[in-house]
Structures are given as structure tokens and as C-alpha cells.
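Listed here are the chains, written in short residue letters.
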Amino acid sequence: MKQQTLTMQDAIHTAKMLSEALPYLQRYSGAVVVVKFGGNAMGDDAAMAEFARDIVLMRQVGVNPVVVHGGGPMINDMLNKLGIKSEFVRGKRVTDKATVQVVEMILSGLVNKRIVQAIMDAGGRAVGISGKDDDLMVCEADDPELGFVGRPIEMNVQVLRDLYAAGIIPVIAPVGTGMADNETFNVNGDTAAGAIAGALQADRLLLLTDVSGVKNAAGEVMTAITPDEVRQMIADGVIAGGMIPKTETALKAIDEGVRAVTILDGRIPNACLLELFTDHGAGSQIRSTAPRVRPHVKR
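Residues numbered from 1 in each chain as written. Predicted model: local features only at pLDDT ≥ 70, side-chain atom pairs only at ≥ 80, totals over all residues. Heavy atoms only, no water.

Chemist: What exactly am I supposed to notice about unusual backbone geometry here?
Modeler: A negative phi angle is the norm for most residues apart from glycine, just as the trans form is the norm for most peptide bonds. Located in the positive-phi region is Asp135, a residue other than glycine, with phi close to 55°. You can see Asp135 is positioned in the loop between strand E5 (126-131) and strand E6 (137-141). Of note, Asn182 is a non-glycine position whose phi angle comes to about 55°, a positive value. Positionally, Asn182 belongs in the loop between strand E8 (169-177) and strand E9 (184-186). (Helix = DSSP H or I, 4+ residues; strand = E, 2+ residues; numbered from the N terminus.)

Dropping the structure here:
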């Protein structure tokens, strides 16, 4: 009897949470949400399966998720196995022709298809592509000293619209094409996600990381930040290290028309669902306008 009571309590709690999520489900119906997936979760089968279920659920309730992924640890492992030594300039890896071939093999092959398979296993439909497909992401060298590390200069996102209009979740490897024939560029995953979100005029960009969010000078996670506050925190040195490129990506995406960007802790269970469909959220949201929860007309 005790077990039955607990089960009923759990069921009531779940039903109550679903009911409370209604305004958010209405709010994001038809919305385009770009999700950058990376970090330690990519190497954990259980975390990968949970992420895939969240993405499939988002699609099931009317959201149009677009997944962009990284894969740095996997690239490092393969370079080590092949005996390809990495050279660094100002802390950044120099990507020569041999290295970029490995990058493309791991990102467009191993990692991309693993995520696609996880989404399919969760009952969704997914297609894996890279930034080279249909000239999705055309790049130029970000820094000549770094070799084939690219910066997107032209985005062609119609292929993504075609996919999610057909009910298919795009999964994108951050490998871009260049202006010259047979030119391939490795693109930072956050940079690629920001460029894609901006080109799609996405409603939200979610950057999943291995940290809890953007912290203020007292070390406290800030749940809501304006672009001006971010710029001031960078100038003051409060935002430093690896958080600088993430917040700069967020600012650029907002400038290009993305409604809001959230830097959130991907280690939290169901982080994407917490951020989109609950009052609590799961990280630091950067936006220049007040949040809107009421239902909106589908785009």
C-alpha cells in the first residue's frame, strides 16, 4: 500500500509539472531553438541518451530543434592514436591539412552519426550533415597562423529549414567549406552554433557547457544578463578565460537577431527542458528584451 501511495504521489507531481509547463509549451510552439551540444556528456552513453530524449521531446511538442555539436576530446584521442603532434599558437591548436582531415573524419563521421543514432533510438527523426553540405557554412581563415581554423563569412541555411519543416532534426558537425576548391575548415562549435542561430533568426540559442553559467565578481551565477552588462563584465575582467568566447558568441548572435542566448550547465539532468519549460531555468540567459511567456503566432 505504501508503494502504491508513493507511485500515485509521483504521478500527481508529474501531472502538475506538465500542467504548469503549458504556457511555455505554447510559447515555444513553432520556435527555432539551436542547441550546442558538447563537453563531457558526449562521451557518456547515459547522458547522450538523455540529451537525445530531450531533443525528441522538444520536437514532439512543436519546437524546431537544431543541434550543433563539438568533439574536441574525440579529436585529441584520434590524433594521439595516429601519432599526429599538435602545435599551439597562443594556446590555440594549429590545424594543418593532416589535422583537418582527422577533424572532419571524427566530427562528420563518428560523433555526428552517434548523435543521430541516439535521436533515432529515442524515437525521433534526424539527419546528420556538416557545414560543407549545401554550402551551409562558408569560411575563411580566422588566423593565418592557425591554418585551417575557420570563421564563417557566409551562411546558407535553407537546407536546415527544409529539414525541420519535414519534421527532421538537423544535427550539424562544425566543419565548413572555404572559398577555394577542396578547402575544409575546422570551426569552433560555439562559433558555428552562434552563426547558424543568427542566420536562422532563431528564437533561442542554448550553449551547453561544463560550468554552471556566467558568474559575477562574487562568484555567483547570474540567471539574467543584458548584453551591456556582459560587455562591462568582460572589460572589468569578471568574465575571463573560456567564458569570453562563449559570451562573445552570444552577443554576436543577439546582434544578428536571436531573441535570447542561454549558457547552461549540460551536466544537469534534462537541462534543455528545465531551461525552456520551467520557471527555474538552468543557466545564465543573455537577452536585451524582457522574456515573453504568453503564446505567440507561429512563424
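Moving on from the coordinates now.
Chemist: Sorry if this is basic, but what is going on with the side chain of Thr247 here?
Modeler: Assignment of secondary structure puts Thr247 in helix H9 (residues 243-255). A polar contact is formed between the side chain of Thr247 and the backbone oxygen of Met243, at a distance of 2.9 Å. A polar side-chain atom of Thr247 sits 2.9 Å from the main-chain carbonyl oxygen of Ile244. Residues contacting Thr247, with those up to four places away along its chain left out, are Val214, Val230, Ile234, Ile239, Ile263 and Ile286. (Polar contact = N/O pair within 3.5 Å; in protein donor to acceptor, adjacent residues only side chain to side chain. Contact = heavy atoms within 4.5 Å.)

Chemist: Quick question: what am I supposed to make of the pattern of salt bridges here?
Modeler: Side-chain pairs of opposite charge can arise where the charged atoms are in close proximity. Using the criterion set out here, one finds 13 salt bridges in the structure. Of the charged contacts, one joins Arg259 and Asp203 as a salt bridge, the two residues approaching to 3.3 Å between their closest N and O atoms. Remark: Asp203 occurs in the loop between helix H7 (189-200) and strand E10 (204-209) and Arg259 occurs in the loop between H9 and strand E12 (260-265); sequence separation between them is 56 residues. You can call Arg259 partly exposed: its relative accessible area is 29%. Shared partners join several salt bridges into a network, and the residues in it are Arg27, Asp203 and Arg259. (Salt bridge = Lys/Arg side-chain N within 4 Å of Asp/Glu carboxyl O. Buried < 20%, exposed > 50% of the residue type's maximum accessible area, 1.4 Å probe, protein only.)

Chemist: Would you explain the packing of helix H6 (residues 158-165) against H7 in this entry?
Modeler: Relative orientation and spacing of two packed helices are given, respectively, by the angle between their axes and the distance between those axes. Packing of H6 against H7 brings their axes to within 10 Å, and their N-to-C directions diverge by 75°. By the angle class used here, H6 and H7 are roughly perpendicular. Seen from H6, the contacting residues are Leu160, Arg161 and Tyr164; seen from H7, they are Ile196, Ala199 and Leu200. A class-by-class count of the residues in the contact of H6 with H7 yields five nonpolar, no polar and one charged. (Axes fitted to C-alpha atoms, helices over the stretch in contact; angles between N-to-C directions. Parallel < 35°, antiparallel > 145°, perpendicular 65-115°, else oblique. Nonpolar A, V, L, I, M, F, W, Y, C, P; charged D, E, K, R; others polar.)

Chemist: Mind showing me how you'd approach helix H3 (residues 45-60) here?
Modeler: Each α-helix winds once per 3.6 residues, and so residues spaced three or four apart point in a common direction. Over its 16 residues, H3 extends 22 Å from the first C-alpha to the last, a length consistent with the 22 Å expected when each residue adds 1.5 Å. Buried residues of H3: Met48, Phe51, Ala52, Asp54, Ile55, Val56 and Met58, and no others. Next to the buried residues of H3 lie strand E1 (32-37), strand E2 (64-69), helix H5 (97-121), E8, E10 and helix H10 (271-277). With a side-chain oxygen positioned 3.1 Å from the backbone nitrogen of Ala46, the residue opening H3 is Asp44. After H3 finishes, the residue Gly62 shows a positive phi value of roughly 100°. (Expected span 1.5 Å × (residues − 1).)

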